Amino acid sequence: MPAGVEVNPNAMISTKRAVYAGTLGKGLAVFDPSRERWTWVTEGLPSLNVTALGLTANGVLYIGTDNGLVRVAEDRLK
């Protein structure tokens, strides 16, 4: 994780594809282990303060923010 990024400890989840971490003010951080690189998801989020993450068995990721909830297929985040 880059220096200066605050991760919300209640908003972390990992799958076979990636590690997801909610941040306090920078959106959703996505780590791709095959490229060993972090990317940032901000578009479409109600807030850049990501407070919770959940994953369903069929690959749908729920992203909770302090302004609402977003549902997105995991394969659309890469």
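Fair warning: this is a prediction, and the values are worked out from it, not measured in the lab.

Attention now goes to the nonpolar core. One recurring pattern in soluble globular proteins is that nonpolar side chains are buried together. Ranked by size, the top nonpolar core spans 13 residues in total, and within it Tyr-20, Leu-28, Leu-53, Leu-61, Ile-63 and Leu-77 carry the most contacts. When contributions to this core are tallied by element, the ones reaching two or more residues are β3 (28-32), β5 (50-55) and β6 (60-65).

Spatial ordering of the open sheet is given by β1-β2-β3-β4, a layout of four strands whose pairing is antiparallel. Only two strands of the sheet have a single partner each, and these edge strands are β1 (7-14) and β4 (37-41). The mean inter-strand angle of the sheet, taken between neighbouring strand axes irrespective of direction, is 25 degrees. Both β3 and β4 contribute to a ladder of five bridges, which runs antiparallel. For Phe-31, the partnering residue across the bridge sits in β4 and is Trp-38.

It is worth spelling out the sheet that holds β6 at this point. What the three strands build is an open sheet, ordered β5-β6-β7; its pairing is antiparallel. Two strands bound the open sheet, and with one partner strand each, they are β5 and β7 (68-73). Across the sheet, the mean angle separating the axes of adjacent strands is 20 degrees when strand polarity is ignored. As paired strands, β6 and β7 are joined by six bridges and run antiparallel to one another. Directly across from Ile-63, in β7, lies its bridge partner Val-70.

Procedures and definitions
- Going along each chain's sequence as written, the residues are numbered from 1 onward.
- Reporting of local features is limited, given that this is a predicted model, to residues whose pLDDT is at least 70; pairs of side-chain atoms are given and counted only at 80 or more, and all residues count toward the totals for whole chains, interfaces and linings.
- To get the side-chain values, all heavy atoms of the structure are used, and hydrogens and water are removed first.
- By nonpolar core we mean a set of buried residues, namely Ala, Val, Leu, Ile, Met, Phe, Trp, Tyr and Cys, connected to one another through side-chain atoms within 4.5 Å.
- In this scheme, a residue with accessible area under 20% of its type's maximum is buried, one over 50% is exposed, and one in between is partly exposed, where area comes from a 1.4 Å probe on protein chains only.
- We count a stretch as a helix when DSSP gives it H or I for four or more residues in a row; a strand needs E for two or more, and each element gets its number in order from the N terminus.
- The pairing criterion for strands is at least two bridges between them, as found by DSSP.
- Orientation is described by axes fitted as lines to C-alpha atoms, over the contacting stretch for helices, and by angles from 0 to 180 degrees between their N-to-C directions.

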